[in-house]
Amino acid sequence: MPATGARPIGTSDETDAARAVQQMFDSIAPKYDLLNHVLSANVDRLWWRRAAMRFREVLARPDAEILDICCGTGDLTMALLKLRPTGARPILAADFARAMLARGAQKFGREARQSPGSNSAAAPYALPIEADALHLPMRSASLDLIVTAFGFRNLANYEAGLAEFHRALKPGGQLGILEFGEPGGLLGKAYAVYFRRVLPAIGRLICGKDGPYNYLPTSVGAFPPPDEMLAMLRQAGYVNCAWQPYTFGIAGLYTATRPPLS
Ligand SMILES: C[S@@+](CC[C@H](N)C(=O)[O-])C[C@H]1O[C@@H](n2cnc3c(N)ncnc32)[C@H](O)[C@@H]1O
């Protein structure tokens, strides 16, 4: 199977694709949260919360090492933090677009979550880390959980991403990938009109430019469907691979585990 990955228009190799994705997110960072909530009618909040709930057991362990990769402006990170106990290890929240990460840090960073002298001093928080998902600055076999929301589809090489997550997870560590999908049937047809025509037009209006919200439906259309993603996860060495559709398959959560040592 040839390597697959995001290829924004005008890019032909992985380096170009990654640079284009990074620049695109840096450029839309100031409007990203507003656009997200408007375009999804706030359903995105339910998806982040539901994905976080799926990992509530590991999140409840104060010493668990958790990475939210492609954290962007941090809304999944915030949903994860709600399930962390007081005094827990900080969540690692990483992204390669500095402007997105800076906005996230204003929500989930230590200073935002813990005001000195108040009884919030032990409130769980996240550490912002500027990093590329394909070259994580984490030791091998060091993480209990890696999660990512709407970021994986943007990686320039999906197999390389899955291999890098596998390297960084402990044996028995869990992976969660929340991504858009394309629902089938009549609803799918109606949704396709919204997603391919209405959404880019609203995006253009709020954002003031064309590219990013044309890229969204194009990249979702080019993303491997669930059966291919599951095959890719197994091929990368994961076990217990599953896909749970959210909201008729408009989004869905892939879950997988790095095999425990036997
Ligand atoms: C659609 S946003 C999602 C942000 C956030 N997780 C959310 O649910 O709103 C995708 C994010 O993935 C980041 N990203 C894409 N490719 C990346 C890579 N190779 N390494 C790190 N971050 C990446 C982008 O910078 C962007 O912030």
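Residues numbered from 1 in each chain as written. Predicted model: local features only at pLDDT ≥ 70, side-chain atom pairs only at ≥ 80, totals over all residues. Heavy atoms only, no water.

### Comments concerning the sheet that holds strand β2 (residues 91-95)
Then, in step 1: The mixed open sheet is built from seven strands, whose spatial order is β3-β2-β1-β4-β5-β7-β6. Strands at the two margins of the open sheet, each flanked by one partner only, are β3 (126-130) and β6 (239-246). Recorded for the sheet is a direction-independent mean angle of 15° between the axes of neighbouring strands.
Then, in step 2: Note that strand β5 (residues 169-180) and strand β7 (residues 251-257) share seven bridges and pair antiparallel. Of the residues in β7, the one forming a bridge with leucine 178 is leucine 253.
Then, in step 3: Contacts from helix α5 (residues 98-108) reach β2 and β3, with the element oriented near 170° to β3.
Then, in step 4: Contacts from helix α10 (residues 226-235) reach β5, β6 and β7, with the element oriented near 155° to β6. (Pairing = 2+ DSSP bridges. Helix = DSSP H or I, 4+ residues; strand = E, 2+ residues; numbered from the N terminus. Axes fitted to C-alpha atoms, helices over the stretch in contact; angles between N-to-C directions. Contact = heavy atoms within 4.5 Å.)

### Details of the packing of aromatic side chains
The relation between two aromatic rings is expressed through the spacing of the ring centres and the mutual angle of the planes.
Then, in step 1: For the structure shown, the criterion picks out twelve aromatic pairs.
Then, in step 2: With a centroid separation of 6.1 Å and 85° between ring planes, the pair formed by tryptophan 47 and phenylalanine 180 is classed as edge-to-face. Of the two residues, tryptophan 47 sits in helix α2 (residues 43-54) while phenylalanine 180 sits in strand β5, which places them 133 residues apart along the sequence. In terms of burial, tryptophan 47 and phenylalanine 180 fall into one category: buried.
Then, in step 3: Seen from their ring centres, tyrosine 158 and phenylalanine 223 are 5.2 Å apart, and the 75° between their planes marks the pair as edge-to-face. In this pair, tyrosine 158 is assigned in helix α7 (residues 158-168) and phenylalanine 223 in the loop between α9 (211-222) and α10, connecting sequence segments 65 residues apart. Summarising the burial analysis for this pair, tyrosine 158 and phenylalanine 223 share the class buried.
Then, in step 4: Through a chain of ring-to-ring contacts, the aromatic side chains of Trp47, Phe150, Phe180, Tyr191, Tyr194 and Phe195 assemble into a single cluster.
Then, in step 5: It is arginine 54 that lies over the ring of phenylalanine 55; its NZ or CZ is 5.2 Å from the centre. (Phe/Tyr/Trp six-rings, centres within 6.5 Å; stacked < 30°, edge-to-face > 60°. Buried < 20%, exposed > 50% of the residue type's maximum accessible area, 1.4 Å probe, protein only. Lys NZ or Arg CZ within 6 Å of the ring centre and 35° of its normal.)

### Quick look at α10
Given 3.6 residues per helical turn, the α-helix brings residues three or four places apart onto the same face.
Then, in step 1: Among the residues of α10, those classed as buried are Met229, Leu230, Met232 and Leu233. All buried residues of α10 lie within an arc of 160° about the axis, which places them on one face of the element. When the buried face of α10 is taken as reference, the exposed residues oriented beyond 90 degrees from it are Asp227 and Gln235.
Then, in step 2: Contacts from the buried residues of α10 go to α7, β5, β6 and β7.
Then, in step 3: Downstream of α10 by one or two residues, glycine 237 has phi in the positive range, about 100°. (Arc of directions from axis to C-beta.)

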